[in-house]
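Residue-level listing of the chains:
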Amino acid sequence: MKFFVDTADTAEITALAASGLLDGVTTNPSLIAKSGRKILDVIAEICAIVPGPVSAEVAATEYDGMIREANVLRAIAKNVTVKLPLTPDGLRACRTLADQGTMTNVTLCFSAAQALLAAKAGATFVSPFVGRLDDIGQNGMDLIADILQIFDNYDALKTEVLVASVRHPIHVIEAAKLGAHVATLPPAVLRSLYSHPLTDKGLASFLADWAKTGQSIT
Ligand code: G3P
């Protein structure tokens, strides 16, 4: 399973990239707004930090404007993935960009039917939002299972399922058990995957015993 980080905070991205565990980055207009920076500057900086796919979302809602914005975004770096909303215009733009060899991420997916449309439009990634479905009393992970089952039925569908709106480690583990291709994690969720109290307790005990030996390895 690939791990992307869902943030436009370049300090966070730099720190997490050093782990060697980061396969890509996703942003959205809300995350760009939170960064307080200009989108072109922040996406360029992220693309220089992380060689994997970096999602940058269009703000236009009509096809021509989406393509104009996509042309600006994809010129930033080869690893820019143009993020498009799951609307008729977004999927039309997705098909155009896919035919031109540009990576795309179709976002705001909340149903299996929508995911199937994104795959037929040639999306590189489709982003079902599990947390926001959980928030309204639907099971987000059921949607991931449905989409994976459908995509598995057709060799021609090459779209990767990018699990988004991830809120906690259980989302990550459940998505991995289902075989989702990618999860995009807020930095805090990515860091929390390392944690277990028995790891901390065990390490403290080993270090205490080691100190008693008076030895040094180097
Ligand atoms: O970037 C899309 C998605 O991950 C947003 O998550 O937490 O705002 O629902 P959230």
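Up top is the structure these notes are about.
Visitor: Tell me about the packing of helix α8 (residues 140–152) against helix α9 (residues 169–178), and please be specific about residues and values.
Guide: Running from N to C, α8 and α9 point in directions that differ by 20 degrees, and their axes come no closer than 10 Å. Compared by their axis directions, α8 and α9 come out roughly parallel. As for the relative orientation of α8 and α9, their crossing is right-handed in sense. Every residue of α9 that contacts α8 at M141, I144, A145 and L148 is listed here: H171, E174, A175 and L178. Per-class residue counts for the contact of α8 with α9 are six nonpolar, one polar and one charged.

Visitor: Any details on the packing of aromatic side chains? Residues and values, ideally.
Guide: Tallied over the entire structure, the rule returns two aromatic pairs. With 5.6 Å between their ring centres and 80 degrees between their planes, F4 and F125 make a pair best called edge-to-face. Here the residue F4 occupies a position in strand β1 (residues 2–6), and F125 occupies one in strand β6 (residues 125–128), the gap between them amounting to 121 residues. Take F4 and F125: they sit in the same class, and that class is buried.

Visitor: Describe the layout of surface pockets, naming the residues involved and giving the relevant values.
Guide: The volume enclosed by the largest pocket comes to roughly 350 Å³. As for the largest pocket, its lining consists of 21 residues, of which D6, N28, L31, F129 and R132 are closest to the centre. When contributions to the lining of the largest pocket are tallied by element, the ones reaching two or more residues are α2 (29–35) and β5 (104–109). When the residues that make up the lining of the largest pocket are grouped by side-chain class, the tally is eight nonpolar, eight polar and five charged.

Visitor: Report on the sheet that holds strand β4 (residues 80–85), specifying residues and quantitative values.
Guide: Within the closed barrel, the eight strands sit side by side as β1-β2-β3-β4-β5-β6-β7-β8. Their pairing is parallel. Going from strand to strand, the sheet's axes swing by 30 degrees on average, the running direction of each strand aside. Pairing of β1 with strand β8 (residues 182–185), which is carried by four bridges, proceeds in the parallel orientation. Bridge pairing in β8 places F3 opposite A183. The sheet contacts of helix α3 (residues 39–49) involve β2 (24–26), β3 (54–57) and β4, and relative to β3 the element is tilted by about 170 degrees.

Visitor: Please give an account of the pattern of salt bridges that cites residues and values.
Guide: On inspection of all chains with the given rule, the structure shows eight salt bridges. One salt bridge in this structure joins K177 and E174, with 3.4 Å as the shortest N-O distance. Taken together, the positions of K177 and E174, both in helix α9 and three residues apart, correspond to about one turn of that helix. What makes E174 partly exposed here is its relative accessible area of 31%. Notably, a salt bridge pairs D209 with K212, separated by 3.0 Å at the nearest N-O pair. Of this pair, D209 and K212 are both found in helix α11 (residues 197–213), three residues apart, which corresponds to roughly one turn of the helix.

Visitor: Talk me through the nonpolar core; I want residue IDs and the actual numbers.
Guide: I43, L84, I144, I147, F151, V163 and L185 are the most contacted members of the largest nonpolar core, which totals 59 residues. When residues of this core are assigned to their parent elements, the largest contribution, six residues, is made by α8. Setting aside chain neighbours within four positions, we find L84 in contact with V58, M66, G90, A93, C94, L97, T104, N105, V106 and T107.

Visitor: Explain the packing of helix α6 (residues 112–120) against α8 residue by residue, including any values.
Guide: Interhelical geometry of α6 versus α8 gives an angle of 40 degrees and a closest axis separation of 9 Å. With respect to each other, α6 and α8 are oriented oblique. Like other packed secondary-structure pairs, α6 and α8 cross with a definite hand, here right-handed. Only L143, D146, I147, I150 and F151 of α8 make contact with α6, whose side of the interface consists of A112, A115, L116 and A119. Per-class residue counts for the contact of α6 with α8 are eight nonpolar, no polar and one charged.

Visitor: Tell me about the pairing of strand β7 (residues 160–163), residues and numbers included.
Guide: The pairing of β6 with β7 spans two bridges and is parallel. Opposite V126, over in β7, you have V161 as the bridge partner. Pairing analysis gives two bridges linking β7 to β8, with the strands arranged parallel. By the bridge assignment, V163 is partnered in β8 with A183.

Parameters at a glance
- Residues numbered from 1 in each chain as written.
- Predicted model: local features only at pLDDT ≥ 70, side-chain atom pairs only at ≥ 80, totals over all residues.
- Heavy atoms only, no water.
- Axes fitted to C-alpha atoms, helices over the stretch in contact; angles between N-to-C directions.
- Helix = DSSP H or I, 4+ residues; strand = E, 2+ residues; numbered from the N terminus.
- Parallel < 35°, antiparallel > 145°, perpendicular 65-115°, else oblique.
- Left-handed = near helix turned anticlockwise from the far one by under 90°.
- Contact = heavy atoms within 4.5 Å.
- Nonpolar A, V, L, I, M, F, W, Y, C, P; charged D, E, K, R; others polar.
- Phe/Tyr/Trp six-rings, centres within 6.5 Å; stacked < 30°, edge-to-face > 60°.
- Buried < 20%, exposed > 50% of the residue type's maximum accessible area, 1.4 Å probe, protein only.
- 1 Å grid on protein atoms, 1.4 Å probe; cavity = no way out; pocket = protein on both sides within 12 Å on 5 of 7 lines; lining within 4 Å.
- Points joined across faces, edges and corners; volume = space filled by probe spheres on them.
- Pairing = 2+ DSSP bridges.
- Salt bridge = Lys/Arg side-chain N within 4 Å of Asp/Glu carboxyl O.
- Core = buried A, V, L, I, M, F, W, Y, C linked by side-chain atoms within 4.5 Å.

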